[in-house]
Amino acid sequence: MSEATIESILQETRRFHPPAEFSQNAHIKSLEDYQHLYDRAKADPQKFWGELAEQELHWFQKWDTVLDWQPPFAKWFVGGKTNISYNCLDRHLTTWRKNKAALIWEGEPGDTRTLTYAQLHREVCQMANVLKQLGVQKGDRVGIYMPMIPEAAIAMLACARIGAPHTVVFGGFSAEALRDRLIDVQARVVITADGGWRKDAIVPLKAQVDKALANGGVPGVENVIVVRRTEQDVYMQPGRDRWWHELQQTASADCPAEPMDSEDLLFILYTSGSTGKPKGVVHTTGGYNLYTHITTKWIFDLQDTDVYWCTADVGWITGHSYIVYGPLSNGATTLMYEGAPRASNPGCMWDIIEKHGVNVFYTAPTAIRAFIKMGDDLPKARNLSSLRLLGTVGEPINPEAWMWYYRVIGGERCPIVDTWWQTETGGIMITPLPGAIPTKPGSATLPFPGIIADVVDLEGNSVAEGGYLAVKYPWPGMMRTIYGDPDRFRRTYWEHIPPKDGQYLYFAGDGARCDKDGYFWVMGRVDDVINVSGHRLGTMEIESALVSHPAVAEAAVVGKPDELKGEDIVAFVTLEGTQSGTEELQKELKRHVVQEIGAIARPGEIRFTDALPKTRSGKIMRRLLRNLASGQEVSGDTSTLEDRGVLDRLREGA
Ligand code: 7RM
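The structure reproduced in this document is the subject of the present report. (Residues numbered from 1 in each chain as written. Predicted model: local features only at pLDDT ≥ 70, side-chain atom pairs only at ≥ 80, totals over all residues. Heavy atoms only, no water.)

### Quick notes on the pairing of strand S26 (residues 529-532)
Move 1: Alternating positions in S26 separate into two faces, Val529 and Asn531 on one and Ile530 and Val532 on the other, with burial throughout.
Move 2: With four bridges connecting them, S26 and strand S27 (residues 535-538) associate as antiparallel partners. Note that in S27 the partner of Asn531 across the bridge is Arg536.
Move 3: In sequence, S26 turns back onto S27 through a hairpin of two residues, with Ser533 there showing a positive phi of about 50°. (Buried < 20%, exposed > 50% of the residue type's maximum accessible area, 1.4 Å probe, protein only. Helix = DSSP H or I, 4+ residues; strand = E, 2+ residues; numbered from the N terminus. Pairing = 2+ DSSP bridges.)

This is the structure in C-alpha cells:
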C-alpha cells in the first residue's frame, strides 16, 4: 500500500449506516444482534458452532465432539458424517427449490445456460459415476484445470460426492505450474476443456495439460476428461483422453452421496507464500461446509429470490467458497461468468447485472479501479437498480474506489461488505454484516461471530496502532495442514508469534491496525508475498522462474504500488558472464516467467544491475529494492549493506 493511501485511510472519518429497510429484512438486523452473536460465540464457541452445524447442515451421522484442538491441528465435528455435495444439491430437491435456478452461466461469446438444482444434481451424479468407472476411489485426488464453465462446478461437486479430493488449478497457470501441482497431489485423473475464452482469445487448456503430462511428467495420471467448449482441434491420446459429453451420455444419474467423515479431505488448493514452492492448503468436509454456508448466508444476506454474482474464478478460493459451495449449500442462485471486461466489451459486467437482475455483486478492488478508469457512462447507461448489496475481496480497497463503488454502482443505497480472508481461512473472517454493522470506506470492520481476531506484535501483545493480524481461536473453516508437510504448516502459521498464556495465534501474514471502535484496517502483506490485481504471488517463485533462464545469475523481486493493480512486480536481475541487459532480453525474461508460472506473474518491470544490495551475511536487502522500485528515497538503516556503491549504481540505472 502506498504512503498516500495509508495517509488517506488514517484520516477516514466517514461512516455509512445500513439502510433501515435493508436491516429489517436482513438475517442479522442490528448491531445489537451482531454483538449478541459475537458474545455468545466467544463465551462458548463449541456450543455456537455445534448449534449452527445442527441447524444448517444435513448429517448422515451426528458428531461426538465439536472440536478437538491439538494446536495447531484442529478437528471439527469429530465422528460426524456428511457430504457437501448432498448439502449443496440433494437436500434442496425435496423442497420447492428443486426447479429453482442453481447456476446461471454467462459464457463467451454470448453463450448462456441455466441449470436448476434438479439438473445440476443430475449432471453431478453422472460425472461422479464417470469418475468411479474410471477407477477413482474415495481419497484419490483429481486435478481440475478448467475455464469458467458450469462443468467446473459440476466436476468439483462430483469429486466431493464420491470423496475424491479435488485440486483446482487456475486456468491462467502455465503447464509447468500445473505439472508441479498435479505431481504434489499425485493426481489420478485430470478434468479439463479443449479451451476456454479469455478476453476474445482462446486459452489452449488441453494443450497445456498435454504439455504437463508429456514424457510421464506426472506419474499416476491415467485419464484426462475433456469438455468440448471452444471446438478447436485438440489431440486426444488414445486410452487416456476422453470427451466429457460422451462419458456423461452413458453414465447413470443414480449416485448416492458418499457419507464422508467430517475431517475427510475435501480439496487441496495451492497458494503462494514467502518461501519455497506454493503450498497445498488442505480443507476438509464438515467444518468447511458449515463455515462457507453460514458466512455466505449472513454476509451476503442471501434471500431466496436473490441472484448472486461473485466474479472470481473457480481456480481461486473465492470461487470455491463463494461461487460454488457457500451459495449452493444455501440453495441460492449463483451466477458464473466466463468473460472479463475488455476493450471490445467494456460494459459487459453491467449488462449482465441488468440482464439477470443481479441483487448481490461481489468483486475485487482491482476490478473496481479498472471500472472507474473505463468511466461512469458505462454503468450509468444500464439499469442497476436490482443491486441491493455489494462486496469486495482480495486486497485492501482504497477509500476513493470504495466511494465510487458505493455511489456509481450501488446508487448510494447498497451496503458494501469489504471482506478480509485468505485461502487458508476457508471463508470470510473480518467483514461487515450488511444489515448490522456501519461501514467505513477502507475498513473490513469487525470479525465474524466466532472469530477472535487481534492486531499483535511478535510477542503476541495487542498493538492496535499497527502490527500483525492474528486469529486467537480455531474456526471450522480453517486450513487443516499443508498437504504432505505438517511441519511447514506449523512453521508458517503458528511459530511467528509464540503461544501467549497457552493460547496459540494464527499468523495471517498481513499487517493491520485497529481503531477505537474496534474496526480492522488491513494494510497488506508483511511477508514476501505480493498482491497483483488480487492475485497472490510469492517473490521467491518469480525469482526461481527468472533464475531458471540461462542468462540470469541472480534475481530479486519486489512489489511496487500500482494505481490499478494494487501492486506490480519489479524484478532486479544480474546476468551471467558477458550477457548484456538489452530490451530484447527484458522481453524474453518476461515471456519466460509467463511460461514458467503464468501471465499473472509477468513482471511489469525488469531492471538489470551489476549487483544486488546485500548484507555482509549475503541477504538481499529487499527493503532497499522496494524503495528503489517505487521511486522513493531509500529509507532506514543502510549500514549493514556490504557494498554501498551498489545503491548508487542502482539509482543511476533507474
Ligand atoms: C480471499 C483471498 C489472501 C490475501 C490476504 C490479504 C489480501 C484479501 C482482503 C485483503 C485487505 C481485504 N485469498 N486480502 N482480502 N486485504 N482487505 N478485504 O484473496 O489467499 O488469495 O489472498 O489477500 O493480504 O492475506 S488469497
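There is more to say after this.
### Structural notes on the environment of Pro150
Move 1: Within the secondary structure layout, Pro150 lies in helix H7 (residues 150-162).
Move 2: What makes Pro150 buried here is its relative accessible area of 1%.
Move 3: In this structure Pro150 touches Leu103, Trp105, Arg113, Leu115 and Met336, once residues within four positions along its chain are discounted. (Contact = heavy atoms within 4.5 Å.)

### A word on helix H17 (residues 486-494)
Move 1: Along H17, the residues classified as buried are Arg488, Phe489, Thr492, Tyr493 and Trp494.
Move 2: Along its buried surface, H17 packs onto strand S1 (65-70), strand S2 (73-78), strand S15 (279-284), strand S23 (481-482) and strand S24 (506-514).

### Considering the site of the ligand
Move 1: Not every one of the 17 residues close to the ligand is listed here, only the nearest: Asp418, Thr419, Thr423, Asp510 and Arg536.
Move 2: Take Gly394: an N or O atom from its main chain is 3.1 Å from a nitrogen atom of the ligand.
Move 3: Contact distances for the ligand include 2.5 Å between an oxygen atom and a side-chain N or O atom of Asp510.
Move 4: Starting from 530 Å² of accessible surface for the ligand in isolation, the protein chains cover 95%.
Move 5: At the level of elements, helix H12 (317-329), strand S20 (416-419) and strand S25 (520-525) are the ones that each hand at least two residues to the shell around the ligand.
Move 6: Looking at side-chain class alone, the shell around the ligand contains six nonpolar, six polar and five charged residues. (Near = heavy atom within 4 Å. Polar contact = N/O pair within 3.5 Å; in protein donor to acceptor, adjacent residues only side chain to side chain. Areas by Shrake-Rupley, 256 points an atom, 1.4 Å probe, with all protein chains shown as cover. Nonpolar A, V, L, I, M, F, W, Y, C, P; charged D, E, K, R; others polar.)

### Comments concerning the sheet that holds strand S4 (residues 101-106)
The pairing of strands in a sheet comes from backbone hydrogen bonds and takes either a parallel or an antiparallel form.
Move 1: Sheet architecture is open: seven strands sit in the order S5-S4-S17-S16-S18-S19-S20, paired in mixed fashion. Two strands close off the open sheet at either side, each with one partner strand: strand S5 (112-116) and S20. Taking each pair of neighbouring strands and ignoring which way they run, the sheet shows an average axis angle of 15°.
Move 2: Relative to strand S18 (residues 360-363), strand S16 (residues 307-310) runs parallel, the two sharing three bridges. The partner of Cys310 across the bridge, within S18, is Tyr362.
Move 3: Lying on the sheet, H7 is in contact with S4, S5 and strand S17 (333-337); it crosses S5 at an angle near 30°.
Move 4: Packed onto the sheet, H12 meets S4, S16, S17, S18 and strand S19 (389-393) and runs at close to 165° relative to S16. (Axes fitted to C-alpha atoms, helices over the stretch in contact; angles between N-to-C directions.)

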